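So the chains spell out like this:
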Amino acid sequence: MITEIDTPTYDAMDKKGVMALEFYSKTCGPCKMLAFVLKDVAKNDPDFPIYQIDFNANEELKNRCGVKGFPTLLFMKDGVEVSRLEGLQQKPAIFKEIAALKG
């Protein structure tokens, strides 16, 4: 499941369990390519929530999470970052992080 959210929505969310946050920019080529990869990931693991956050429109959350560039994927467990991947990633790397997160 892929859902686009903003800072107020993230702050109001129940952060129990596991999820991924993808910080992206609408003008970023690698971000657009990662979107296709994440759609496949979501198809293969529909119960794993992936939240997309516009890097430019959510400065406060970006800074709070220590995100410096895009695309950046944060893997979260109970509201705490467990790992991150920066730049364009392929499905095997993302599935590896999800498997470790679900452990």
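Everything here concerns the structure above.
Keep in mind that what you see is a predicted model, and the values were worked out from it rather than measured. (Residues numbered from 1 in each chain as written. Predicted model: local features only at pLDDT ≥ 70, side-chain atom pairs only at ≥ 80, totals over all residues. Heavy atoms only, no water.)

J.: How do you make sense of the pairing of strand β2 (residues 18-24) when you look at a structure like this?
T.: A regular strand places its side chains on the two faces of the sheet in alternate fashion. Among the seven residues of β2, six are classified as buried, and the element is accordingly described as predominantly covered. Sheet analysis places β2 next to strand β4 (residues 72-77), joined by six bridges and oriented antiparallel. Across the sheet, residue M19 finds its bridge partner in β4, namely M76. Sheet topology places β2 next to strand β3 (residues 50-54); five bridges connect them, and they run parallel. What sits directly across from L21, in β3, is Y51. In this fold, the crossover linking β2 to β3 by way of helix α2 (residues 29-44) has right-handed handedness. (Buried < 20%, exposed > 50% of the residue type's maximum accessible area, 1.4 Å probe, protein only. Helix = DSSP H or I, 4+ residues; strand = E, 2+ residues; numbered from the N terminus. Pairing = 2+ DSSP bridges. Right-handed = clockwise from strand over helix to strand, strands pointing away.)

J.: What is the right way to read the packing of α2 against helix α4 (residues 91-102) from this model?
T.: Axes are the key here: two packed helices are described by the angle between their axes and the distance separating the axes. For the pair α2 and α4, interaxial distance at closest approach is 10 Å and the crossing angle is 50 degrees. Here α2 lies oblique to α4, going by the angle between them. Relative to α4, α2 is oriented so that their crossing is right-handed. Note on element contacts: α4 touches α2 through K91, I94, F95 and I98, opposite L34, V37, L38, D40, V41 and N44. (Axes fitted to C-alpha atoms, helices over the stretch in contact; angles between N-to-C directions. Parallel < 35°, antiparallel > 145°, perpendicular 65-115°, else oblique. Left-handed = near helix turned anticlockwise from the far one by under 90°. Contact = heavy atoms within 4.5 Å.)

J.: Help me understand the sheet that holds β2, please; the structure alone is not making it clear to me.
T.: Backbone-to-backbone hydrogen bonds join strands into a sheet, with any given pair of strands oriented parallel or antiparallel. The strand order β1-β3-β2-β4-β5 describes an open sheet built from five strands, whose pairing is mixed. Only two strands of the sheet have a single neighbouring strand rather than two, namely β1 (2-5) and β5 (80-86). With direction set aside, neighbouring strand axes in the sheet form an average angle of 25 degrees. Across six bridges, β4 lies against β5 in antiparallel orientation. Looking across to β5, one finds that K77 is bridged to V80. Helix-sheet contacts for α2 involve β1, β2, β3 and β4, and the interaxial angle to β2 is about 160 degrees. Contacts from α4 reach β2, β4 and β5 within the one sheet, and its direction differs from that of β4 by about 15 degrees.

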